[in-house]
Structures are given as structure tokens and as C-alpha cells.
Protein chains: 2
Amino acid sequence: MDHDMKIIIGSGLAGPLLAIYLSQRGYPVQLYEKRPDLRVENIPVGRSINLALSHRGIKAIKSADVFDKIDPLLIPMKGRMVHLSSGDIEFQPYSIHPYEHINSVSRGELNKILMTKAEASGKVQIYFDHSLLEIDGDTNELVFENGNRAPVTDHVFGADGAGSVIRNYIDEKVLSPSCVDPLGHDYKELHIAPGKNGEFQLDSSALHIWPRGEFMLIALPNTDKSFTCTLFLPAEGKRSFESLGTPELITEFFHTYFEDVQPLLENFPNTFFDNPTGKLATVYTDEWQYNNQYCLIGDAAHAVVPFFGQGMNASFEDCEVLMQCLDEAQGNWEGVCKKYSSVRKSDCDAIAKMAIENYVEMRDLVSRKEFKQQKEIANILMERFPDRFIPRYNMVSFTSIPYSEVYRRGAIQKEIISKLDLKKPDLTAAESMIKEKLSPLV
Amino acid sequence: MDHDMKIIIGSGLAGPLLAIYLSQRGYPVQLYEKRPDLRVENIPVGRSINLALSHRGIKAIKSADVFDKIDPLLIPMKGRMVHLSSGDIEFQPYSIHPYEHINSVSRGELNKILMTKAEASGKVQIYFDHSLLEIDGDTNELVFENGNRAPVTDHVFGADGAGSVIRNYIDEKVLSPSCVDPLGHDYKELHIAPGKNGEFQLDSSALHIWPRGEFMLIALPNTDKSFTCTLFLPAEGKRSFESLGTPELITEFFHTYFEDVQPLLENFPNTFFDNPTGKLATVYTDEWQYNNQYCLIGDAAHAVVPFFGQGMNASFEDCEVLMQCLDEAQGNWEGVCKKYSSVRKSDCDAIAKMAIENYVEMRDLVSRKEFKQQKEIANILMERFPDRFIPRYNMVSFTSIPYSEVYRRGAIQKEIISKLDLKKPDLTAAESMIKEKLSPLV
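All of these numbers come straight from a predicted model, not from anything done at the bench. (Residues numbered from 1 in each chain as written. Chains lettered and ligands numbered in written order. Predicted model: local features only at pLDDT ≥ 70, side-chain atom pairs only at ≥ 80, totals over all residues. Heavy atoms only, no water.)

### Re the overall build of chain A
Here is step 1: Of the regular secondary structure elements, chain A holds 14 helices and 19 strands.
Here is step 2: When the backbone C-alpha atoms are referred to their principal axes, chain A occupies close to 65 × 60 × 40 Å.
Here is step 3: A total of 442 residues make up chain A; the buried ones form 57% of that total.
Here is step 4: Taking all contacts inside chain A whose residues are at least 6 apart in sequence as the whole, residues at least 24 apart take part in 70%.
Here is step 5: Accessible surface for chain A amounts to roughly 18,800 Å². Of this, 50% is attributable to carbon and sulfur atoms. (Helix = DSSP H or I, 4+ residues; strand = E, 2+ residues; numbered from the N terminus. Buried < 20%, exposed > 50% of the residue type's maximum accessible area, 1.4 Å probe, protein only. Contact = heavy atoms within 4.5 Å. Areas by Shrake-Rupley, 256 points an atom, 1.4 Å probe, with all protein chains shown as cover.)

### Points about the relation of the copies chain A and chain B
Here is step 1: Between chain A and chain B, the superposition needs a rotation of 180 degrees and an axial shift of 0.1 Å, giving an RMSD of 0.0 Å. The two molecules are tied by a two-fold rotation axis, judged by turn and shift. Rotation axis and chain A: the residue whose C-alpha lies nearest the axis is Cys179 of chain A, separated from it by 3.1 Å.
Here is step 2: A high fraction, 100%, of the interface residues of chain A reappear at the interface in chain B, so the copies pair face to face through one surface. (Least-squares fit on C-alpha atoms with pLDDT ≥ 70 in both.)

### Remarks on the pattern of salt bridges
Residue and element names in this part refer to chain A.
Here is step 1: Taken as a whole and judged by the stated rule, the model has 54 salt bridges over all chains.
Here is step 2: Here Arg39 ties to Asp37 by a salt bridge, and the two come within 3.0 Å at their closest N and O atoms.
Here is step 3: With relative accessibility at 27%, the residue Arg39 sits in the partly exposed group.
Here is step 4: Close ionic contact of Arg80 with Glu361 constitutes a salt bridge, the shortest N to O distance being 3.0 Å. (Salt bridge = Lys/Arg side-chain N within 4 Å of Asp/Glu carboxyl O.)

### Here we look at the sheet that holds strand E10 (residues 141–144) of chain A
Residue and element names in this part refer to chain A.
Here is step 1: Across the sheet, which stays open at both edges, the 3 strands sit in the order E9-E10-E11 with antiparallel pairing between neighbours. The sheet terminates laterally at strand E9 (132–136) and strand E11 (149–151), the two strands that pair on one side only. Each strand of the sheet is rotated relative to its neighbour by a mean of 20 degrees, with strand direction disregarded.
Here is step 2: Relative to E11, E10 runs antiparallel, the two sharing 3 bridges. Its bridge partner being in E11, Val143 is matched across the sheet by Arg149. (Pairing = 2+ DSSP bridges. Axes fitted to C-alpha atoms, helices over the stretch in contact; angles between N-to-C directions.)

### A look at the environment of Ser342 of chain A
Residues and elements named next belong to chain A.
Here is step 1: Within the fold, Ser342 resides in helix H10 (residues 336–363).
Here is step 2: Spatially, the C-alpha atoms of Ser342 and Trp288 are 8.2 Å apart, while their sequence positions differ by 54 residues.
Here is step 3: Of note is the side chain of Ser342, whose polar atom sits 3.1 Å from the backbone oxygen of Lys339. (Polar contact = N/O pair within 3.5 Å; in protein donor to acceptor, adjacent residues only side chain to side chain.)

### Concerning the interface of chain A and chain B
Here is step 1: Counting from both sides, the interface comprises 19 residues of chain A and, opposite them, 19 residues of chain B.
Here is step 2: Of all residues in chain A, the largest losses of buried area upon contact with chain B belong to Leu175, Cys179 and Lys353 of chain A, amounting jointly to 42% of the total for that side.
Here is step 3: Taken together, the links from chain A to chain B amount to 2 salt bridges.
Here is step 4: The residue Asp286 of chain A makes a salt bridge to Lys345 of chain B at a minimum N-O spacing of 3.8 Å. (Buried area = accessible area lost by both parts, 1.4 Å probe.)

### Here we look at the nonpolar core
In a soluble, globular protein the nonpolar side chains are often hidden away together inside.
Here is step 1: Within the largest apolar cluster, 208 residues are counted, with the highest numbers of intra-cluster contacts made by Leu142 of chain A together with Leu142 of chain B.
Here is step 2: The contacts of Leu142 of chain B, once residues within four sequence positions are left out, are Ile7, Ile9, Tyr32, Leu132, Glu134, Ile135, Asn148, Arg149, Ala150 and Val152 of chain B.
Here is step 3: Of all hydrophobic cores here, the second largest spans 24 residues; its members include Phe215, Phe227, Leu244 and Leu265 of chain A. (Core = buried A, V, L, I, M, F, W, Y, C linked by side-chain atoms within 4.5 Å.)

### Notes on the packing of helix H1 (residues 14–24) of chain A against helix H2 (residues 55–63) of chain A
Residue and element names in this part refer to chain A.
Here is step 1: Put simply, H1 and H2 touch, their axes get as near as 10 Å, and they point 40 degrees apart. In this view, H1 runs oblique relative to H2, as classed from their interaxial angle. Where H1 crosses over H2, the two elements pack in a sense that is left-handed. For the pair H1 and H2, the contacting residues are Leu17, Tyr21 and Gln24 in the first and Ala60, Ile61 and Ser63 in the second.
Here is step 2: Its residues assigned to classes, the contact of H1 with H2 comprises 4 nonpolar, 2 polar and no charged. (Parallel < 35°, antiparallel > 145°, perpendicular 65-115°, else oblique. Left-handed = near helix turned anticlockwise from the far one by under 90°. Nonpolar A, V, L, I, M, F, W, Y, C, P; charged D, E, K, R; others polar.)

### Notes on the pairing of strand E2 (residues 29–32) of chain B
Looking down a regular strand, the side chains alternate between one sheet face and the other.
Residues and elements named next belong to chain B.
Here is step 1: Taking every second residue as pointing to the same face, both faces of E2 are buried, with Val29 and Leu31 on one and Gln30 and Tyr32 on the other.
Here is step 2: Crossover handedness for the path strand E1 (residues 6–9) to helix H1 (residues 14–24) to E2: right-handed.
Here is step 3: Bridge count between E2 and strand E8 (residues 124–127): 4 bridges; the pairing is parallel. In the strand pairing of E8, Gln30 is matched with Gln125. (Right-handed = clockwise from strand over helix to strand, strands pointing away.)

### Quick word on the packing of H10 of chain A against helix H13 (residues 403–418) of chain A
Residues and elements named next belong to chain A.
Here is step 1: It is at 7 Å that the axes of H10 and H13 come closest, and there the two elements cross at 50 degrees. In terms of axis orientation, H10 runs oblique to H13. Every residue of H13 that contacts H10 at Arg344, Ser346, Asp347, Ala350, Ile351, Lys353, Met354 and Glu357 is listed here: Tyr403, Ser404, Val406 and Tyr407.
Here is step 2: In terms of residue class, the contact of H10 with H13 is built from 6 nonpolar, 2 polar and 4 charged.

### A short note on helix H10 (residues 336–363) of chain B
Here is step 1: With 28 residues, H10 of chain B extends 40 Å between its outermost C-alpha atoms, agreeing within 8% with the 40 Å of an ideal straight helix rising 1.5 Å per residue.
Here is step 2: Considering bend angle alone, the principal kink of H10 of chain B is centred on Arg344 of chain B and spans about 30 degrees. (Expected span 1.5 Å × (residues − 1). Bend = angle between axes of the 7 residues up to and from the residue.)

### A short note on the environment of Phe232 of chain A
Here is step 1: You can see Phe232 of chain A is positioned in strand E16 (residues 227–234).
Here is step 2: If we skip the residues at most four places from it in the chain, Phe232 of chain A touches Asp186, Tyr187, Phe215, Met216, Ile218, Leu280, Pro306, Phe307 and Tyr359 of chain A.

### With respect to the confidence of the model for chain A
Interpretation of the predicted coordinates at a detailed level should be avoided for regions scoring low in pLDDT.
Here is step 1: Summing up the model confidence of chain A, the mean pLDDT is 95 and the portion of residues at 70 or higher is 98%.
Here is step 2: This prediction of the complex comes with two scores: 0.88 for pTM and 0.79 for ipTM. (pLDDT = per-residue confidence, 0-100.)

### Quick look at the sheet that holds strand E12 (residues 156–158) of chain B
Residues and elements named next belong to chain B.
Here is step 1: Across the sheet, which stays open at both edges, the 6 strands sit in the order E8-E2-E1-E12-E19-E18 with mixed pairing between neighbours. In this open sheet, the two strands that pair with only one neighbour each are E8 and strand E18 (289–290).
Here is step 2: The pairing of E1 with E2 spans 4 bridges and is classified as parallel. Note on E2: the bridge partner recorded for Lys6 is Val29.

Below is the structure:
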């Protein structure tokens, strides 16, 4: 078994986790990060300051033996708090099981803990302020914007995000390059400060949604008792970022659609214009690796839209799957990247598709009566047939069933529910369909 | 063997060719076209009024038994006429063989002949003014914008172009949807009328290029002695469509870069603002078919940028490959679409990539000394080792070698040439590399 130096580009989230995994297996790692060390300098950590951590991510973090450090940072969100246009508020739990919830977590804090854990192995060296410019194929070197160069002698893992330089390099080498599919909706982050009493201004045990059909606002709790709000809205058209170009227009827009939130927003509408408008897109990559040497993980391979809260969870799972491939090959790297790529692609295609579908669910369906009836039936079926029927959201968020299998089972479950009377479901008929079409889960 | 009704959406170019092929095999065909009949009404025929027809397209047209009607429309282009910034003009022949050339042909005339031939079979019915709106999955019907509906009982072939409705339908059904990758450069068509003597104002036996590094102008001859010119230019940036927003700016731009053409352009700069700015993109599609029933051909599956003149040729070759799959299965359609899709995808990925690469060749490399030296050596090697070494352009344009194999061999050939001294190539060394790395072509 060789223990050659592995190189990772990007110390965002998947990068340091992979570094930990590799160090556990005896490999020295060079980790190159374009930004300064956020544990030393107080810098913005990226596009989203909080994330939803669920089962897959927690499982991966536990494998890295660092969950005890992260657990105290988690804020459980037990369901969706739906703020209807009428002013009514409905709580829709994520699960019938009280122990199943997702967790709001600070991207920056999580990142710091993972980097520190990686360095503590004694095998991982992080080089900050090293932004990868290109790969010099003639000399076989990484070329950084600061002028430094590093020889490529072994594997290079691209954990360098949606705009990955490593992906661009692989794209040049392969026939079927990656492709970026814009969602057509953009986003803007806003902020709800803690109340005068120092407490949360909204219920902190839920993910808040203001569904408005074509657009929505959401809010996730932070440990400092604030909330991060995000407005998702078409980029162009009648009600869009393009059409809301002045403080008057945006104030009127919030007054019309989000009247209850508006008074809670900090420094509004100024923040709307101070904060950048973020773009949303899906990255589709056919070839996750080149030559069994260059290999992509996380957003670099499969950036997804954020509506299933699975971007980070999927990225962490990538690292686990890569290590499974390596462990199964007993440390013989030949073919590992290729195997990982072929296993993982269909699963990440599935979560990409489900994430897009979940936008419609969040911004529109959650406010509809039929959706709630279907959800109720799904919960009944889960309770009756727990080894075969688990609602799709729950398979994604609370199990490790491969995403492509989740997608397949989800389609069958949807069809079964569509055949039932929503008011008086025939559970005997449901049972025979379930037993015929859904194999038992182990 | 069933002879059920086949449905084709789009009578552009691939659509009627496929209809002919199907009718030859005994199938009745319904062909739905969104526009009126261009043989009756004088309407614009689409984004480009002339196209380059080469070996693959001619081969496919001959299989349709209609080449004798098309041959008289062809204007042979024997090479590139390169108009340098210095004012010098260089002719770069496409081949060392005088019988190898590409052909300028009118899209509209070609289209008319194919539609008439399809109808002459007595088995093909074309429905004009039928723009497909959607597929109604509940009733299994095609729904047209004019309100008509048509039941789907058998195969549906989407020949409905880059914005294919059939592709969108397949995308909904499959995990890995298609993706559109914009080139970032747009185009504008301009026109050079015949001269006062009624003759061509430029040499009609060449494809004219004015390579200017980041952008270029090209001109192709028409049978009415005019030329269609196309300007390809970045969409945004310093010298771009965005930056050339007034008649004064565009006039100055042409004066600076295309001084010799400017006096030949009809009604310039008005036409620049009257004609639409066209967008360029590559469509990447993983799944060319769904359920062995819905199947894509031509631009619907793989729209490519136009710089290799292969869009139409590749689309025609699609139809041939589909028929090969059917004939090999002796008319048993089960699995035919799937086979065709898996065979054809890597070839169309390859032509998509080569088409993007050829833009750089046309707009920049053709004016460079090193490029011409490399081309000269490639020609020497082709002459010496005709069974093994054919320059990439020639494999694409003058053979039926699958595009993916062309791409593979092209990369090897490029590497061989890179190892030779451009001024004094060692042909013995070249021979041993060629014999080692390039298998004989049959």
C-alpha cells in the first residue's frame, strides 16, 4: 500500500473532512485553500451562513470522530413552520418520530472544527491564501495565483466548489464536459436580530417558510438567537429581483407578501441592497475523475440547489463513499476514483433532481390542502409499514438509502398515494400495492 | 414486424430525412411541423440560410435516394480563403486531394426537396402549423398549440431542434436531464449582394474567413451569387455585441477590422440592427430516449456550435445510425432506440467538443505561421501514410469514421506532430510513431 502525499484543493467543508479520512488511513495531505484562515481572520465564510445538517452529514462527521465538537452547535428544527398569506401559521413536523429532525448549523463554525481536527492528525498541512489558477500540464504542477507552484505526484482531489478549477481541467481532458444549469431564480440573505430580551424572535425549533407560489422567504435559527432569512425569487419577470430595483418597491413588496416578517428584519430595506444577490444553479458532471488521479468531491462535482438542505450532506457522503471504494480495494488506489465516480453519479443526479422539485414543494405545495392530506396518508403508511414505506423527505433526511434508490421508491410511493382516496384511503388496497412494489428495507 | 404509425416532430432537416428512411422500410409517418409549408409561403427558414454539406450528409442523402435533386444546388468550397489583418489573402485548401471539398447549400431549398421526397413515398403525411405544446401523460396524447391533439400509439421522434419539447419531456422522466451550455459568443448575419455585373463579389469556391483573434467574420456563397456573412463575437466585454450598440460604433468597428468587406455589405450598418443577434450553445443530453418510445434526433439531442459545419451532417448521420440499429434488429424495435442512443452519444459529444475547438482554429489559429506549418506536415504524413494518418478536419468532413474515433486519433496525431521539428520533420521518426499508435483504417 502506498502512502504517497494526497493533494486536496479547497478547505471549505468536504475538503477538510476528506483530509481527516485520508489521515486516518495513514496518508499525508496537502490542503490548499484560496482564502485566509478563518480561525485567525474574521472573514465572510461564503454564500450561506447556516446550513441544515441531517442524517447523512452526521454519519460522515461521526466517522471523522469529531461529532462531539459539533453537536453543541446544532439547533434542532423539528418541522416546517408555514406562514400563510392569510396570516395563519401551521407547523408541519418532518417526521412522526420525535427523534427525527434536521439541524441548523453555522457553516463557519463547522468549517473551523473540521480544519482543526484535520491538522490535529499531524498529517494534514493547510496552505491558506493559495488560490489555484491552473494545472500546468507540461511541468505537471499546480500553479497558484500567488505565484507558488506544487508538483503533482499523486492524487489531486477537487473540493473547490461550484466553480471548480479541477473540474475545468477534467473537462478539457474528457469528451463529455460538465454543464451548469441555472435555476432562473436568485436569492438574497437578510437578517433577524435577537429580540430586546435577547431571545429568538421566532420559534427556534422550526425552519420557517413563507410560501408565496412563485417565490418564498425562509428563516433558519442561529446560535446567537438571530435568524438568517433568505428570499428566493425569479431573476426576471413580473415579480423578480429585476423588477424590485428601489427601496420603495422592495418595501412595498415585503409589505404585501411578508407583512409579519418585515418589522423583524434588521436594517431593512438597506440590507437588501447592501447584500449581494446570489445565483442558483445545478452542476451536472459526467466525468468525476480523470486518469484515476484527478477526482472531484462535493459541489465541485455536483452543486445542487439548496431546497433539500442536502448540499453539504451529499458532499460529506461523497467522502464516505470514496473511502468505502478505497477500503474495499484494500488501499489499492488503482480504479478507486473511477469506481467512486460511477457509483456516485446517479445518486447525485437524483438529489439534484429532488432538490429542484423540493423548491416547488416549499414555495407552493406546503400551503395546499391536498399536499397536507397526502402527507398525512404517507405518515399513516409509514406507521403501518415501517419496513417498506418511508416518505421521500424522510428517506433523504433521516436514512442513508442511496439517493437514486430514494428517488425510485419515492416515485412508486407517489403513485400509490395517487391511487388512494385522500379522505378515506383504502388501507387494504394500499397494503397490497406496497407489498407488491416496495421491497423491505434492511 | 409491426408497421405501426411513427410520429416525427419537426420537419426541419433531420425530420423529413428520417421520414423518408422510415417510409422506405414500410412505415407510415405523421410529421408535425410548427411553421407553415415553406414551399407555399415565403417564410424565413430559420437561423442560418446556408449550411456546409460534407461527406456524412451526402452519404445520408444518397441513402434517401434524393441526391440527384440536391447536387445541382451545391457550391463546392475547396478551402478557406483567409483574409488577414494586413490585407493579405491566403488560400488554405481543405485537402491535398482535389476531389475533397465541402459544399455551401441553401437550408430552405434542401428542406423543400426532402419534404417533397418524403411525401412522394405516399406514406408520409406532413401537418404544418402544428407547434407541439406538450405531451399529455394522462391521455397519452400530443397537444398542439392550435388545439389539435394526436394520440401516441407508437414511437415519437423528436427532430424539433435545440429547444426540443420532446427533450423536455424526456428530461422530466429521467434522472440526468439535458443541459444547455452557452458559448458566450453570439452571431449576426449580414449579406453581400451580387456585383453590378451579376457575379459573385468574392471567390465563390472558398469559405471566406476574416480571423481576428477573439472574433471573426465568415462568408459562404449562395446560388444567387450573393454571400451570407456571419459575424461571431463575444456577447459581453470590450469588443462585443454589447459594446457595439450604435451605428457609429459598428461602422468604426468594421472599418478597423474588416475594411475590405465593409464596402461589399448590403445596406450596412442598418442590417446589423435589423437582423436579430443569434445565440450559440451546445446541448448535452445524457438520455436520448425514454422507454424505447420517445427518441431524439439532430439538434434536439445534440445542438452544437456551427464552427465545424457538422450540425446538419451529424443530424443526418443520426438518422442513418438509427436505421442501422433497426436493420440489425431486423425490424424488431425493442431496444432499438436505446442502442442508438448509447452508440450515438459519445460520437456527438466528440463533434460538440471539436466544434468548440474549431472556433479557436478559425478565428485565431488559421492566421498563425505555426498552424500552417503543422498543417503542411499533416498533409505530408497523409500523403505518405494514407491508410493510417488523415488530418482531423479531413476525417470529420470527408470520411464516415465515427466522431469519437476521429477525436481519439486526432489527439494522437496532434501529439505526433508536436514531437516533430516543424521546419525539418524527421519522417522516419514519424513513421515509427504512426505505425505504433495509429491502426490502419479500413
